[in-house]
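Residues per chain are reported as follows:
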Amino acid sequence: MATELHRQVNSPEKESGQEQEDGSGGAAVRVRSLTRSFDGRAVIDNLQLDVPAGEFVVLLGRSGCGKSTLLRVLAGLDREIEGEVLVPRRKAVAFQAPRLMPWKRVWRNVLLGLPGRPGRAVAERALKEVGLDHRVDAWPKTLSGGEAQRASLARALVREPDLLLLDEPFGALDALTRITAQQLVAELWQRRGCAVLLVTHDVEEALLLADRVLVMDGGVIAHQVRVDRDRPRDIADPLLAELRTELLDRLGVRAPEPAVHKVA
Ligand SMILES: Nc1ncnc2c1ncn2[C@@H]1O[C@H](COP(=O)(O)OP(=O)(O)OP(=O)(O)O)[C@@H](O)[C@H]1O
């Protein structure tokens, strides 16, 4: 796996250097002593993280704890860092907002920014993989929220990523569409075998999808749980229920008590 290294120590204002290196030992992500500050405040504070190739990791944490910042750093979109970040060269990112260009048809959006002038067939294959082959020629504004999100996933997949970074990709979807989209991501991950790092607020989503759930707090990975269950998973599984309580506790949220119905 070709990897790239962002290394930056104590000179955040300079453009970070990039070197080719493959000392990753098959890891999809290796982060050492990562710090990212805004206006003198360290949002990420000496963080360490390893993600083996092919692992599905979900990142939870309170609002503003730095999840998106970490994802942007891993995506190479933010290089104003101290520390070391080793990620595969082939990586792709999808955000909560699908970010499609309204003046380009869906298939052209899928190919946007890809090097080497790939043909329409490349986009068609990716759109088929996300179940959107009937919308290849559509304009973005005619897509439903779920369809737009799938187009955005197809745009990530055409990059053949070894690392797929997803920032609350289901956040704006209604409950039913969200379940379908979660299943799609789980299937794609199993088929593609790439590592996934997904940011969400939804503890149940994390437990249904992840090999490992990380909780970010105080600028570091403060807690993690391994979800040792085959897929598809059932949220009523006692292990998942136990992990849910543990994670909600770590997030400082009290798990709701079971509803009690009184009949007069
Ligand atoms: N470009 C920026 N300039 C200044 N502050 C920033 C910038 N980007 C992020 N921050 C700050 O860094 C902190 C972490 O932001 P980030 O978006 O990473 O949090 P998050 O955990 O993803 O939050 P949420 O769950 O609400 O999306 C916040 O306090 C935010 O205001």
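Residues numbered from 1 in each chain as written. Predicted model: local features only at pLDDT ≥ 70, side-chain atom pairs only at ≥ 80, totals over all residues.

A. Region of the structure containing the sheet that holds strand S7 (residues 91–94). Sheet architecture is open: six strands sit in the order S7-S8-S9-S5-S10-S11, paired in mixed fashion. Two strands in the sheet have a free side with no partner beyond their single neighbour: S7 and strand S11 (220–226). Across the sheet, the mean angle separating the axes of adjacent strands is 20° when strand polarity is ignored. Against the sheet, helix H4 (residues 145–157) contacts S7 and strand S8 (163–167), and its axis sits at roughly 170° relative to S7. (Pairing = 2+ DSSP bridges. Helix = DSSP H or I, 4+ residues; strand = E, 2+ residues; numbered from the N terminus. Axes fitted to C-alpha atoms, helices over the stretch in contact; angles between N-to-C directions. Contact = placed C-beta atoms within 7 Å.)

B. A look at the UniProt feature "domain: ABC transporter" (unreviewed entry) in the protein. Here the UniProt-annotated "domain: ABC transporter" (unreviewed entry) positions come out as residues 29–243. Note that residues 29–243 is 32% helix and 28% strand, and that its end C-alpha atoms are spaced 25 Å apart. (UniProt positions renumbered as here; feature names shortened; annotations may be inferred.)

C. Broad picture of the pairing of S8. Judged by how many residues are buried, S8 sits mostly within the fold: five of five residues are covered. Neither face of S8 is exposed, since Leu163, Leu165 and Asp167 on one face and Leu164 and Leu166 on the opposite face are all buried. Across four bridges, S7 lies against S8 in parallel orientation. Across the sheet, Ala94 pairs through a bridge with Leu166, a residue of S8. Alignment of S8 against strand S9 (residues 195–199), held across five bridges, turns out to be parallel. If you follow Leu164 over to S9, its bridge partner there is Val196. Following the backbone out of S8, through helix H5 (residues 175–192) and into the adjacent parallel S9, one traces a crossover that is right-handed. (Buried ≥ 20, exposed ≤ 12 C-beta atoms within 10 Å, placed from the backbone. Right-handed = clockwise from strand over helix to strand, strands pointing away.)

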